[in-house]
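# Survey of secondary and tertiary structure
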Amino acid sequence: MSFYRLSRTARSLRHRQSSLSAAHTYIHSPLLLADSSRHSGHLFQVSENFHSINQFYKDSNSFRSIGAYHRLLQYSSFSTLPSDEKREESKLSKGNECDRSWIDIYLPEKARPYARLARLDKPIGTWLLAWPCMWSITMAAAPGSLPDIKMMMLFGTGALLLRGAGCTINDLLDRDIDTKVARTRSRPIASGVLSPFQGLCFLGFQLLLGLEILLQLNNFSRVLGASSLLLVFSYPLMKRLTYWPQAYLGLTFNWGALLGWAAVRGSLDLAVVIPLYASGVFWTLVYDTIYAHQDKEDDMIVGVKSTALRFADSTKEWISGFGAACIGSLALSGYNANLEWTYYIFLAAGSTQLAWQILTVDLSSRADCSRKFVSNKWFGAIICSGILFGRLLS
């Protein structure tokens, strides 16, 4: 008896399936599109059939899950979007979720464009600007002593402000270029979310806060710090003039190697700070050349220059040389500063990290170039740790 009921249920299910298939075929036929009244009538019939099948599946526990799956397959094509468009919409939705940062979660809506203009959601630039300052301040500490914590906090805040000011200047001067590049056209000024005047006002606010920090340093450091503004304001123009804007960025970003020592000691020991400054410039040539490979196709289209375009297929040979020069300059600076042997252990570790970047980076992959670029915060941390232990043991 049970076998007989199961057989009847299966026959009924096949009958319902054939009815649905016929209705589904008819709905998608060209003739149906020509006759709206027949279209409405048959849709009503399909609705009744669907309701009947739904009731049938509810009454038949054995086939309920099969029926739900069958209906899903049969009527998945009733969506108003084609499957390709669904997938594209899903990708865009996921991309928008990934682009969200703490700025979108915690800041008021009116403050978000200014935070993005200062790149507060991308702290790697602040780290790269701050590390040479920390190297210098730590190296300038008295033998066996910790570095001046207050000075490090001041320079950390200054790095955040100066990096934000530099990004604002860059976006103001490059707004005509940024609109032509997919990666940059959504920036606040290029996209029109902020006007150039609003950008200028925000720049003035950042520079005013930076001045407050500079005034807390000694007179020699104030003059030295103010002189860096010439580099900050002129750097965004270099990509239009030379294939070596990364070298100019190195001169700008590593000014803290001079300023940190001056803020602690009140003067410059050229035997220590010049090699330290040079090491930062060579380091910048490594990481920013890797970074520039993300935009080399766009740079050729809009007509701007970079070391990525200058070096082309010889990039790894060039940055290997810059990496060796960076490590050699750091060794010379540490030797002249009388750092102890522990410094050189950390320097070897830093060399390994830098070599890993250069040897493994895939210059044709934007994602990998970005990962290697961001990893330079760890190189900075390793060198700073070496200077700290080298000074404490000296």
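Residues numbered from 1 in each chain as written. Predicted model: local features only at pLDDT ≥ 70, side-chain atom pairs only at ≥ 80, totals over all residues. Heavy atoms only, no water.

### Examining the environment of Ala226
Just so we agree on the cut-off: Runs of E in the DSSP output that reach at least two residues are strands. Runs of H or I that reach at least four are helices, and both are numbered from the N terminus.
Along the chain, the position of Ala226 falls in helix H12 (residues 219-241). Remark: the alpha-carbon pair of Ala226 and Leu211, spanning 15 residues in sequence, is separated by 8.7 Å.

### Quick word on the packing of helix H8 (residues 124-139) against helix H21 (residues 376-392)
The relative placement of two packed helices is expressed as an angle between their axes plus a distance between the axes. The following threshold applies: What counts as an axis is a line fitted to C-alpha atoms, over the stretch in contact for a helix, and the angles between N-to-C directions run from 0 to 180 degrees. Note on angle classes: values under 35 degrees are labelled roughly parallel, values over 145 roughly antiparallel, values of 65 to 115 roughly perpendicular, and the remainder oblique. The contact criterion used is simple: two residues touch if any of their non-hydrogen atoms lie within 4.5 Å. Only Asp, Glu, Lys and Arg are considered charged in this grouping, and only Ala, Val, Leu, Ile, Met, Phe, Trp, Tyr, Cys and Pro are considered nonpolar; every other residue, Gly among them, is considered polar.
Where H8 contacts H21, the axes come no closer than 9 Å and their chain directions differ by 10°. Comparing their axes, H21 and H8 come out roughly parallel. Taken together, the residues of H21 that come into contact with H8 (itself represented by Ile124, Trp127, Leu128, Trp131, Met134, Trp135, Thr138 and Met139) are Asn376, Lys377, Phe379, Gly380, Ala381, Ile383, Cys384, Ile387, Leu388 and Arg391. By residue class, the composition of the contact of H8 with H21 is 13 nonpolar, 3 polar and 2 charged.

### A few points about the packing of aromatic side chains
The description of an aromatic ring pair rests on the distance of the ring centres and on the angle between the ring planes. Where we set the bar: Ring pairs shown here join Phe, Tyr and Trp side chains whose ring centres sit within 6.5 Å, with only the six-membered ring taken for Trp; geometry is labelled stacked below 30 degrees between planes, edge-to-face above 60, and tilted in between. Here's how the labels work: a residue is buried when its accessible area is under 20% of the maximum for its type, exposed when over 50%, partly exposed in between, all with a 1.4 Å probe on protein chains only. A ring has a charge above it when a Lys NZ or an Arg CZ is no more than 6 Å from the ring centre and no more than 35 degrees off the ring normal.
Under the defined criterion, the tally for this structure stands at 16 aromatic pairs. For the pair Tyr291 and Phe373, a centre-to-centre distance of 4.6 Å together with 50° between the ring planes defines the contact as tilted. With a gap of 82 residues between them, Tyr291 in helix H15 (residues 270-292) and Phe373 in helix H20 (residues 366-374) connect regions that are remote in the sequence. Look at Tyr291 and you get partly exposed, because its relative accessible area is 25%. On the basis of relative accessible area, Phe373 is assigned to the buried category, the value being 9%. Among the aromatic side chains, those forming a connected cluster through ring pairs are Trp135, Trp283, Tyr287, Tyr291, Phe373 and Phe379. The aromatic ring of Tyr235 is capped on one face by Lys239, whose charged end is 5.7 Å from the ring centroid. Seen from the ring of Tyr243, Lys305 lies directly overhead, with NZ or CZ sitting 5.7 Å from the centre.

### Some thoughts on the confidence of the model for the chain
Which entries qualify depends on this criterion: Per-residue confidence from the prediction method is given by pLDDT, with values spanning 0 to 100.
On average, residues of the chain score 80 in pLDDT, and 75% of them are at 70 or above. Low pLDDT, under 50, characterises residues 1-7; the predicted model gives this stretch 1 contact beyond four residues in sequence or across chains. Across residues 15-98, confidence stays below pLDDT 50; counting only partners more than four residues off in sequence or on other chains, it has 44 contacts.

### Section: H20
Where we set the bar: Of all possible arcs, the one meant is that of the directions from the helix axis to the C-beta atoms.
Here H20 has its buried residues at Asp368, Cys369, Lys372 and Phe373. Projected down its long axis, H20 shows its buried positions confined to an angular sector of 140°, all on one face. Those residues of H20 hidden inside the fold are in contact with H8, H15, helix H19 (342-360) and H21.

### Here's the deal with the nonpolar core
Let me state the cut-off plainly: By nonpolar core we mean a set of buried residues, namely Ala, Val, Leu, Ile, Met, Phe, Trp, Tyr and Cys, connected to one another through side-chain atoms within 4.5 Å.
Counting residues in each nonpolar core, the largest one holds 63 residues, and the members touching the most others are Trp135, Met139, Phe155, Trp283, Leu330 and Phe379. Those residues in contact with Trp283 that sit more than four places away from it in its chain are Leu128, Trp131, Pro132, Trp135, Cys326, Leu354, Asn376, Phe379 and Gly380. Among the nonpolar cores identified, the runner-up in size contains 10 residues, and Ala118, Leu172, Phe202 and Val232 belong to it.

### A short note on helix H18 (residues 315-336)
Operational definition: Given the number of residues in a helix, its expected span is that number minus one, multiplied by 1.5 Å.
Over its 22 residues, H18 runs 32 Å from end to end, which matches the ideal 32 Å to within 8%, given 1.5 Å per residue. Taken residue by residue, H18 has Thr315, Ile319, Phe322, Gly323, Cys326, Ile327, Ser329, Leu330, Ser333 and Gly334 as its buried positions. In a view along the axis of H18, the buried residues occupy a sector of 160°, so they form one face of it. In this structure, H18 carries Glu317, Ala324 and Tyr335 as exposed residues pointing more than 90 degrees from its buried face. Structurally, H18 contributes buried residues whose contacts are with H8, H15, helix H17 (307-311), H19 and H21. Asn338 sits one or two residues past H18 and shows a positive phi near 60°.

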